[in-house]
Amino acid sequence: MSRIPILILSIFISILSFAQSNNSENVKQIAKSDAINFFNLIPQGQENEYGFSKRSDFDKVEIGEPYQVYFVVKKDGAINFKSTNNWRVPVLVDGKSVALLTVISTKGGAKVVDFGATGLAAKLQEFEAEYTASNERVLIRNTYLSVDYIVPQFSALVDSQSEGLLALKSTTTAKLYPISRSKIASLKPASFVAATLNAVSN
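Keep in mind that what you see is a predicted model, and the values were worked out from it rather than measured.

1. Things to note about the overall build of the protein chain
Within the protein chain one finds four helices and 10 strands. Secondary structure elements of the protein chain occur, N-terminal to C-terminal, as α-β-β-β-β-β-α-β-β-α-β-β-β-α. Counting all 202 residues of the protein chain, 40% fall into the buried class. Looking at the protein chain as shown, the accessible area adds up to about 11100 Å², and 51% of this sits on carbon and sulfur atoms.

2. Side note on helix α2 (residues 118–130)
The end-to-end C-alpha separation of α2 is 19 Å, in line with the 18 Å expected for 13 residues at 1.5 Å each. The complete set of buried residues in α2 reads L120, A121, K123, L124 and F127. Taken end-on, α2 shows its buried residues confined to a sector of 165°, consistent with a single buried face. Of the surrounding secondary structure, the elements contacted by the buried residues of α2 are β2 (67–75), β3 (78–93), β4 (96–106), β6 (138–142), β7 (147–151) and β10 (177–178).

3. Some points on the packing of aromatic side chains
In total, this model carries 13 aromatic pairs according to the counting rule given. Look at F52 and F58: their rings are 4.9 Å apart centre to centre, the planes differ by 75°, and that puts the pair in the edge-to-face class. For the pair formed by F52 and F58, the shared burial category is buried. Three or more aromatic residues joined by ring pairs form one cluster here, namely F39, Y50, F52, F58 and F115.

4. Regarding helix α4 (residues 189–201)
Since the α-helix packs 3.6 residues into each turn, any two residues three or four apart lie on the same face. The end-to-end C-alpha separation of α4 is 18 Å, in line with the 18 Å expected for 13 residues at 1.5 Å each. Inspection of α4 places P189, F192, V193 and T196 among the buried residues, and these make up the whole buried set. The buried side chains of α4 occupy one side of the element, clustering within an arc of 95° when seen end-on. Residues of α4 that are exposed and point more than 90 degrees away from the buried face comprise A190 and S201.

Conventions used here
Residues numbered from 1 in each chain as written. Predicted model: local features only at pLDDT ≥ 70, side-chain atom pairs only at ≥ 80, totals over all residues. Heavy atoms only, no water. Helix = DSSP H or I, 4+ residues; strand = E, 2+ residues; numbered from the N terminus. Buried < 20%, exposed > 50% of the residue type's maximum accessible area, 1.4 Å probe, protein only. Areas by Shrake-Rupley, 256 points an atom, 1.4 Å probe, with all protein chains shown as cover. Expected span 1.5 Å × (residues − 1). Arc of directions from axis to C-beta. Contact = heavy atoms within 4.5 Å. Phe/Tyr/Trp six-rings, centres within 6.5 Å; stacked < 30°, edge-to-face > 60°.

Here is the structure:
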């Protein structure tokens with residue numbers, strides 16, 4: 001590969017990482033300011049269903065690092081990723097991830113629209129405890145397989161952007177981690193692509 005394509009790709013990756021980091025901080029601030037409004041909607045006596053032991057836990061909440069969500073899209077026989085402009089933000093109590101806030105970003109700003117997903121919150125924390133944390137936190141939703149994936153090196157997984165879609169980089173070695181009830185294990189991109197295309201064709 002010549003130097004110019006490599007330079008263009010490096011710039012693209014840098015911009016993607018910077019944009020995610022910048023948006024992530026904004027999303028985190030929105031989650032902090034709006035969280036209590038959702039906690040107060042929890043009916044008395046049902047705190048356990050939302051990850052809390054008691055209502056006084058609301059005062060101990062800390063907001064974790066947001067995960068940006070992308071969907072898998074097949075176009076022209078290839079796998080691409082499309083941003084949903086929404087983020088899942090961990091809610092921590094005494095260091096334990098108890099639930100997730102969903103933040104949607106629009107042209108008019110960002111806002112919290114949902115709260116829950118205690119199981120997914122636990123899985124994300126389980127992953128971060130076992131694998132080195134990355135500045136990139138991305139969740140990929142593969143509706144063709146009904147599987148979600150954690151991708152800690154998203155910028156290394158994708159190539160250029162076109163028509164709002166990020167193409168899967170053909171030479172990538174970045175791994176995906178499917179979220180399941182069992183222990184989270186890595187998956188190679190080639191296996192991910194093969195399983196997805198097979199599901200699409202059936």
